[in-house]
Amino acid sequence: GDWSDLISLTYALRSSQSDSAFWAAIQPWVDVEEWIRYFAYLNLIGYDETALGSGSADDYTLYSGPYDRRFRVLAHDHDADFGINNSDQWTATTISNLASQSIFRAAGLAVPGKFLRHPSVAPRYYELLLEYLNGFFHEENLPAHLRDALGGRIPSTVLDTMSGFADQRRASLA
């Protein structure tokens, strides 16, 4: 197949460029709004897999559609979200550390750091974090969303841990 779109994306994402050159280079290749949503959502849920959203170059998928060729970044391996891992609940210290992580945790990698701190992205990133915190992740909404999605499939103690993590995460960002 033709890999020219992926090669062009890789070239566009060079972090050594000036902000203006970086912004111009990524426009044809990055679904900017979707990438901002990816980073905001993973940050709020305490996603602790090795992925772009957590500052590691692993556990993510890039997708470019047949009509809209801009790349979207997709998370997978959701076995370490909301203070829960795939084998057991983490300790209170681990949960607290995840809950208090920087909103720029992904900036451990140069390209996500340049992207999230870019003057055209950072204001929207902050706005979206607030939108999520006041909407889906709000303390009056999230427990019901978790129960609706996971109730009956996992023990209520796990749902309580997940809600407790979200409470700590919200408090750390207040």
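Conventions we followed
Residues numbered from 1 in each chain as written. Predicted model: local features only at pLDDT ≥ 70, side-chain atom pairs only at ≥ 80, totals over all residues. Heavy atoms only, no water. Pairing = 2+ DSSP bridges. Helix = DSSP H or I, 4+ residues; strand = E, 2+ residues; numbered from the N terminus. Axes fitted to C-alpha atoms, helices over the stretch in contact; angles between N-to-C directions. Parallel < 35°, antiparallel > 145°, perpendicular 65-115°, else oblique. Left-handed = near helix turned anticlockwise from the far one by under 90°. Contact = heavy atoms within 4.5 Å. Nonpolar A, V, L, I, M, F, W, Y, C, P; charged D, E, K, R; others polar. Expected span 1.5 Å × (residues − 1). Buried < 20%, exposed > 50% of the residue type's maximum accessible area, 1.4 Å probe, protein only. Polar contact = N/O pair within 3.5 Å; in protein donor to acceptor, adjacent residues only side chain to side chain.

Caption draft 1: Expanded view of the pairing of strand β1 (residues 60-64). The pairing of β1 with strand β2 (residues 71-75) spans five bridges and is classified as antiparallel. Residue pairing for β2: L62 is matched across the bridge by V73. Two successive antiparallel strands, β1 and β2, enclose a turn made up of six residues.

Caption draft 2: Expanded view of the packing of helix α3 (residues 32-44) against helix α6 (residues 122-134). The interhelical angle for the contact between α3 and α6, taken along N-to-C directions, is 50°, at an axis separation of 9 Å. Here α6 runs oblique to α3, going by the angle between their axes. For the element pair α3 and α6, the recorded crossing hand is right-handed. Residues E33, I36, R37, F39, A40, Y41, N43 and L44 of α3 pack against R124, Y125, L128, L129, E131, Y132 and L133 of α6. Among the residues making up the contact of α3 with α6, the classes are represented as 10 nonpolar, one polar and four charged.

Caption draft 3: Here's a closer look at helix α8 (residues 156-173). If you check α8, its first and last C-alpha atoms are 26 Å apart, about what 18 residues at 1.5 Å a residue would give, namely 26 Å. All of the buried residues in α8 are V158, L159, T161, M162, S163, F165, A166, R169 and R170.

Caption draft 4: Layout of the environment of S54. Summarising the element assignment, S54 is placed in the loop between α3 and β1. For S54, a relative accessible area of 9% gives the class buried. Expressed as a C-alpha distance, the spacing of S54 and A106, which sit 52 residues apart in the sequence, is 4.7 Å. From its side chain, S54 meets the backbone oxygen of E49 in a polar contact 2.4 Å long.

None of this, on its own, says anything about what the molecule does.
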